[in-house]
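Fold and contact review
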Amino acid sequence: MKVLKFSLSLITTVLLIYILENSWELPGLGRIPPFGKFLDPFHGFWQNSESKKFTGDDEIMLTGLKDKVTIVYDSLLIPHIFAENDEDLFFAQGYVTAQHRLWQMEFQTHAAAGRISEIIGNVAIDYDRGQRRFGMVMAAENSLRAMENDPIAKMNVEQYTAGINAYINQLDYKHLPLEYKLLAYEPEQWTPLKCGLLLKNMAQTLNKGDKDMQMTNALSLFGKEIVEILYPDNEGVADPIVEKPNSWNFIPVKMDSIPFALPTELINVSNLETPNPTIGSNNWAVSGSKTASGAPILCNDPHLSLSMPSIWYAIQLNAPGINTMGVSLPGAPNIIIGFTDSIAWGVTNAQRDLVDWFEISFKDETKSQYKFDGDWKDVQKKIEKISIRGGEDFYDTVLYTVHGPITYDETFQAENNRKNYAFRWMAHDESEELLTFYKLNRAKNHGDYMEALNHYASPAQNFVFASASGDIAMRIQGRFPVRRKLEGKFILDGSISSTQWQAYIPNEQNVMDKNPERGFVSSANQYPVDASYPYFVTSTSYEAYRNRRINDVLRADSSITVQDMMALQGDNLNLQAKESLPMMLENIDQTTLSETEKAAFKILSEWDYFNTIESEGASYYEAWWNTLFRSIWDEMKNENAVLSYPTDYTTIKLLTENPAFDFFDIKSTPEKETAKEVIQKSFKISVEDVEKWKTDKNAPPRWSDYKDTSIEHLLRQQPLSYHVETGGNSGIVNATSSRWGPSWRMIVEMKKSGPEAVAVYPGGQSGNPGSRFYNNLIDHWAKGKYYNLQFMQKPEMTGALYITELNPKN
């Protein structure tokens, strides 16, 4: 009996140890960590909790350094790195970035490469297949090839990689970032390819969107005349980024016109990825002639996904020939947005069409050859091995043509006929973005800025500039194919070479401006240039409101201060509502309204058009506009073809100028509606929706609650995510929607005595949820407050959190 009890006890103990020391996939719960290790008080998640009195190592010995590196961490945990040479500078940047953001860096590069299944199992298989079929790894490999062909870029990325690995090689389970413990896996060695993947991940966010398939369907269904009404390339809104009519003094590249190709059938697809209209950014620079101090002021706030850990990592880099500060992308060297002793720069997305889809005609079902210029050309087949945690490896075959990869076929998303189209993307090409930022980080003047941008190709950006010498400038930089009229808006014929990108706009002919008479330059994703610019310009859509509000404010003031620019970055005026709501209210027959509807009408009538935290008018307008928009464009929900929606600006223009337009008729109702009827019906429906929201929430519809802005962890884990109270919305200068917003607000005054900068972002320097530096900046960011950036000329003890020395280990 004793032997039996002992045996049962031993078996139970062994079983418990096995269960507690291993990670398990549970139905409905996903993967759970090995609780024995995870709950271990000496090595588990408890060790990720940092005390409020933050301290760091005084000295760290590292193999790979040439000389001593001093790192001063200020009160915000921003590292100020002082090195004796470039090699050590980038080694140290990689090391300290990995210290605070390693899991984020690796997770994002796994996502870019289509390797998430390795971490979370087969639930991510379709995502991973999609990433492989978009050619993300190919794009990163091409980018890496360009880096390795340039000695400066090669050193840059290799030293950054060495620094990351120096940190990884020190790690044990106790010191692993929390997410590794939650998901029960460990980091792998960093490689230069991962730096390329990180850059392509950003390009995917900013420049991979298109609507060629939707536009092809619209052309087939509605005809050219209606397409031009619904989807104009230029909506005619004033204030392009650069406006200097008939002053483009160059001979443009000319190309013969060719017909665009239409597929033989409508492209009825499901889950078609479309560009997110809330993605955008603002930047501007004001000349000293318009500022109170007489020094130029530069402002930038890129609008991206609100996520934890934050997209950006603030840092200062100092070595012989370089002293620069700003934000980097965790996983890539250099500073992306920032300033030096002499210049400041910032970026917004250039909103240009850099994607095309080509219809491919295969010879037979083997898909080994396809028609090209009257001959049969061999397909390049690439076998993709996708490792799946807890499952067998999955093998996918991706077909490559001269245009790019075939993204969809009978084996992937075969439920629709979006198949046999090749994907051409500018980010697939070799590029030298690292050199651009390496040189910007060392720039002294406008000439240096221009030379640095000559290396930049993708994703296309609007680069704003200001210098201590008084210059301001804007340059729209990227590698842009020369487009024939209408080209790139529709599916192209992949069987002929004449539909390929034949030429590119020379760098010196890109849109740019320096020291304009109006005293400022600005961009907010609007149409880039006046109509006299000799190249055809198109994109999925252009912003119509933020840019005009920014320019109106900048024009009106001739004594601008940094405080004024803070107010402008947080400006909540809803220009769309200001221009559309009076017309909408005029179309309401008040005699038909219930008491509840009359109350809503009164709130809207008295609203000041500002989307502040407390505003109820903003909530009623948003509900009404969204209902009205869906009612007008119900025709776009076509069972036989995916279609794109017109913009808000075009919709309002049609409501105002053409109230009898056929599209205003609601398909689901027997009567024929005009603008007036659809506006009235949508108002009543929207009031019902708001009333339901009030009942469900048992609260008034304050705008911040109705909008419900949250900053989510990359794993979508609620305990690691945050709800924030803030105003604004997409289309407003304070472009904070529910999940997107200003990811970094920076204002730099370029004084001759040295730059003075303030900044903030929604998160914190540390990627560790157990650190007080994980979310310590969120409150300031939500309230429109800023922190002064300490731009050090030498290592300073004053106000330092702590100082670390990195020393070479022999």
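1. Describing the sheet that holds strand E13 (residues 355–359)
One open sheet holds the three strands; their spatial order is E18-E13-E21, and the pairing between them is mixed. One side of each edge strand has no neighbouring strand; the edge strands of this open sheet are strand E18 (421–425) and strand E21 (492–493). The sheet contact formed by E13 and E21 spans two bridges and is parallel. Within E21, the residue paired with phenylalanine 358 across the bridge is leucine 492.

2. Some details on helix H6 (residues 136–148)
For an α-helix, 3.6 residues make a turn, and residues three or four places apart therefore share a direction. The terminal C-alpha atoms of H6 lie 18 Å apart, and with 13 residues this matches the ideal 18 Å at 1.5 Å per residue to within 8%. Most of H6 is tucked away, with 10 of its 13 residues classed as buried. Taken as a whole, H6 has its buried residues at Met136, Val137, Met138, Ala139, Ala140, Asn142, Ser143, Leu144, Ala146 and Met147.

3. Thoughts on the packing of aromatic side chains
Scanning the model with the defined rule gives 37 aromatic pairs in all. Aromatic side chains phenylalanine 250 and tyrosine 533 sit 6.3 Å apart centroid to centroid with 75 degrees between the ring planes, which places their arrangement in the edge-to-face category. Of this pair, phenylalanine 250 sits in the loop between helix H11 (224–230) and strand E6 (280–286) while tyrosine 533 is found in the loop between strand E23 (520–523) and helix H14 (546–556), placing the two residues 283 residues apart along the sequence. A cation sits over an aromatic face here: arginine 442 above tyrosine 438, 3.5 Å from the ring centre.

4. Here's the deal with the confidence of the model for the chain
The predicted model of the chain has a mean per-residue pLDDT of 90, with 89% of residues at 70 or higher. Here residues 12–20 is modelled with pLDDT under 50, and outside its nearest four sequence neighbours on either side it reaches six contacts, counting other chains as well. A low-confidence stretch, residues 35–49 stays under pLDDT 50, and its non-local contacts, those more than four residues away or across chains, total 40 contacts.

5. Topic: the sheet that holds strand E22 (residues 512–514)
The mixed open sheet is built from 11 strands, whose spatial order is E3-E32-E4-E5-E9-E10-E11-E12-E19-E20-E22. Single-partner strands in this sheet number two, and they are strand E3 (59–62) and E22. The mean angle between the axes of side-by-side strands here comes to 15 degrees, regardless of whether they run parallel or antiparallel. Note: strand E10 (residues 322–328) against strand E11 (residues 337–340), four bridges, orientation antiparallel.

6. Quick word on the packing of helix H16 (residues 575–586) against helix H18 (residues 617–632)
One can describe the packing of H16 onto H18 by two numbers: an axis separation of 12 Å at closest approach and a directional angle of 75 degrees. Comparing their axes, H18 and H16 come out roughly perpendicular. Touching Gln576, Ala577, Ser580, Leu581, Met584 and Leu585 of H16 are Tyr621, Trp624, Trp625 and Leu628, all from H18. Split into classes, the residues belonging to the contact of H16 with H18 amount to eight nonpolar, two polar and no charged.

7. Regarding H18
Here H18 is 16 residues long and its end C-alpha atoms lie 22 Å apart, about the 22 Å a rise of 1.5 Å per residue gives. The buried fraction of H18 is high, at 14 of 16 residues.

8. Regarding the environment of aspartate 128
If you trace the backbone, aspartate 128 turns up in helix H5 (residues 125–133). Note on aspartate 128: relative accessible area 0%, which makes it buried. Between the C-alpha atom of aspartate 128 and that of glycine 114, which follows or precedes it by 14 residues, the distance is 3.8 Å. Aspartate 128 has contacts with Gly114, Arg115, Ile116, Ser117 and Ile386, leaving out every residue within four places of it along the chain.

9. Overview of the pattern of salt bridges
When their charged atoms lie close together, side chains carrying opposite charge are able to pair. Across all of its chains, the model carries 40 salt bridges by this definition. Two residues, aspartate 233 and lysine 489, come together in a salt bridge whose shortest N-O distance is 3.1 Å. Pair noted here: aspartate 233 is in the loop between H11 and E6 and lysine 489 is in the loop between strand E20 (472–477) and E21, with a separation of 256 residues, a long-range link. Taking relative accessible area as the criterion, lysine 489 reaches 10% and is therefore assigned buried. With a closest N to O distance of 2.6 Å, arginine 483 and aspartate 356 form a salt bridge. Of this pair, arginine 483 sits in the loop between E20 and E21 while aspartate 356 sits in strand E13; the two residues are 127 residues apart in sequence, bridging distant segments of the chain. Like arginine 483, the residue aspartate 356 is buried in the burial classification. Through salt bridges with shared partners, a single ionic network connects Arg115, Glu118, Glu188 and Lys194.

Each value, and the rule that gives it
- Residues numbered from 1 in each chain as written.
- Predicted model: local features only at pLDDT ≥ 70, side-chain atom pairs only at ≥ 80, totals over all residues.
- Heavy atoms only, no water.
- Pairing = 2+ DSSP bridges.
- Helix = DSSP H or I, 4+ residues; strand = E, 2+ residues; numbered from the N terminus.
- Expected span 1.5 Å × (residues − 1).
- Buried < 20%, exposed > 50% of the residue type's maximum accessible area, 1.4 Å probe, protein only.
- Phe/Tyr/Trp six-rings, centres within 6.5 Å; stacked < 30°, edge-to-face > 60°.
- Lys NZ or Arg CZ within 6 Å of the ring centre and 35° of its normal.
- pLDDT = per-residue confidence, 0-100.
- Contact = heavy atoms within 4.5 Å.
- Axes fitted to C-alpha atoms, helices over the stretch in contact; angles between N-to-C directions.
- Parallel < 35°, antiparallel > 145°, perpendicular 65-115°, else oblique.
- Nonpolar A, V, L, I, M, F, W, Y, C, P; charged D, E, K, R; others polar.
- Salt bridge = Lys/Arg side-chain N within 4 Å of Asp/Glu carboxyl O.

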